[in-house]
Amino acid sequence: MIQRIQSVYLFLAFVMGMLIFFFPIASFVTENAYFDFFICHIKDTSPNPFPEMKTAAHQFPWFYTIPLAILQLIVSLLIVFTLFQYKKRPLQIKINYLTILLNVMLVGGIFYASSLIETQTGVVADYGFGGIFPLLSIVLVFLANSGVKKDEKLVRSADRLR
């Protein structure tokens, strides 16, 4: 059924996956540039009185963060898919494990990309609110998986009594 507690956990994990697109993961501040690292792009928010001069954010091509955005979209789609697989609990458990693995890879990719930006610019990252969402998503999918396992155990015990 869709009104189970693990469905709520999976829905919240999906919301966390979508919110990461709107909040910066890290900010980098230098004396002449200020830019934010989002999961799908690096946005230059520094006031530039000379548009012909390139700031630090322009040294990263537009496809620099696209693999992270694609991985996050895959994670979000897997969460939605497993949300509607409530009648197939063993499949739901396996997909949740895959989602947790992909989320861990996403977190590693985010910190790897941030460290690359740090080494190329020489500026230490100031991690923002957006970096918390994949970690919360891991916890929520884990909680949903434990709820699915409890349901599967309950169904098996009821089958044993028949």
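Residues numbered from 1 in each chain as written. Predicted model: local features only at pLDDT ≥ 70, side-chain atom pairs only at ≥ 80, totals over all residues. Heavy atoms only, no water.

**A closer look at the sheet that holds strand E3 (residues 42-44)**
Next, step 1: Reading across the sheet, the four strands line up as E3-E2-E1-E4 and stay open at both edges, with antiparallel pairing between neighbours. Pairing within the sheet leaves two strands with one partner each, and these edge strands are E3 and strand E4 (126-127).
Next, step 2: As paired elements, strand E1 (residues 26-29) and strand E2 (residues 34-37) share four bridges and run antiparallel to each other. The residue of E2 that forms the bridge with Ala 26 is Phe 37. (Pairing = 2+ DSSP bridges. Helix = DSSP H or I, 4+ residues; strand = E, 2+ residues; numbered from the N terminus.)

**Let's talk about the nonpolar core**
Next, step 1: Grouped together as the largest cluster of nonpolar side chains are 35 residues, with contacts concentrated most on Ile 20, Phe 28, Phe 37, Ile 39, Leu 68, Ile 110 and Ile 117.
Next, step 2: Looking at this core, the elements with two or more residues in it are helix H1 (5-19), E1, E2, helix H2 (66-83), helix H3 (89-121) and helix H4 (133-161).
Next, step 3: The element best represented in this core is H3, accounting for eight residues. (Core = buried A, V, L, I, M, F, W, Y, C linked by side-chain atoms within 4.5 Å. Buried < 20%, exposed > 50% of the residue type's maximum accessible area, 1.4 Å probe, protein only.)

**Looking at the packing of aromatic side chains**
Each aromatic ring pair is described using two quantities: the centre-to-centre distance and the angle formed by the ring planes.
Next, step 1: The full count for this structure, using the stated rule, is five aromatic pairs.
Next, step 2: Measuring from centroid to centroid gives 5.5 Å for Phe 23 and Phe 129, while their planes differ by 80 degrees, and the two rings are edge-to-face. On the criterion of sequence distance, the pair formed by Phe 23 in the loop between H1 and E1 and Phe 129 in the loop between E4 and H4 is long-range, its members being 106 residues apart.
Next, step 3: On the basis of relative accessibility, which here comes to 49%, the residue Phe 129 falls in the partly exposed class.
Next, step 4: Considering the side-chain rings of Phe 111 and Tyr 127, the 5.3 Å spacing of their centres and the 65 degrees angle between planes classify their relative orientation as edge-to-face. Pair noted here: Phe 111 is in helix H3 and Tyr 127 is in strand E4, with a separation of 16 residues, a long-range link. (Phe/Tyr/Trp six-rings, centres within 6.5 Å; stacked < 30°, edge-to-face > 60°.)

**Points about the environment of Phe 21**
Next, step 1: Inspection of the secondary structure assignment puts Phe 21 in the loop between H1 and E1.
Next, step 2: The class for Phe 21 is buried, based on a relative accessible area of 18%.
Next, step 3: Each C-alpha atom of the pair Phe 21 and Ala 69 lies 8.1 Å from the other, and the pair is 48 residues apart in sequence.
Next, step 4: Those residues in contact with Phe 21 that sit more than four places away from it in its chain are Phe 38, Ile 39, Cys 40, Ala 69, Gln 72 and Leu 73. (Contact = heavy atoms within 4.5 Å.)

**Observations regarding the confidence of the model for the chain**
Next, step 1: Of all residues in the chain, 86% have pLDDT values of 70 or greater, and the mean over the chain is 83.
Next, step 2: Mean pLDDT per element in the chain: E3 is the minimum at 77, and H2 is the maximum at 92. (pLDDT = per-residue confidence, 0-100.)

**Some words on the side chain of Gln 6**
Next, step 1: On the secondary structure map, Gln 6 appears in helix H1.
Next, step 2: Among the residues examined, Gln 6 registers a relative accessible area of 2% and is labelled buried.
Next, step 3: Excluding its chain neighbours within four sequence positions, the residues that come into contact with Gln 6 are Ala 144, Gly 147, Val 148 and Asp 151.

**Here we look at the side chain of Ser 27**
Next, step 1: Within the fold, Ser 27 resides in strand E1.
Next, step 2: Polar side-chain contacts of Ser 27 include one of 2.8 Å to the side chain of Asp 36.
Next, step 3: Sequence-distant contacts of Ser 27, defined by excluding residues within four places in its chain, comprise Tyr 34, Phe 35, Asp 36, Val 124, Ala 125 and Asp 126. (Polar contact = N/O pair within 3.5 Å; in protein donor to acceptor, adjacent residues only side chain to side chain.)

**So, the packing of H1 against H2**
Next, step 1: With their axes 9 Å apart at the nearest point, H1 and H2 run at an angle of 160 degrees to one another. The angle between H1 and H2 falls in the class roughly antiparallel. Crossing hand, H1 versus H2: left-handed. In this structure, H1 contributes Ser 7, Leu 10, Phe 11, Ala 13, Phe 14, Gly 17 and Met 18 to the contact, and H2 contributes Gln 72, Leu 73, Ser 76, Ile 79, Val 80, Thr 82 and Leu 83.
Next, step 2: In terms of residue class, the contact of H1 with H2 is made up of nine nonpolar, five polar and no charged. (Axes fitted to C-alpha atoms, helices over the stretch in contact; angles between N-to-C directions. Parallel < 35°, antiparallel > 145°, perpendicular 65-115°, else oblique. Left-handed = near helix turned anticlockwise from the far one by under 90°. Nonpolar A, V, L, I, M, F, W, Y, C, P; charged D, E, K, R; others polar.)

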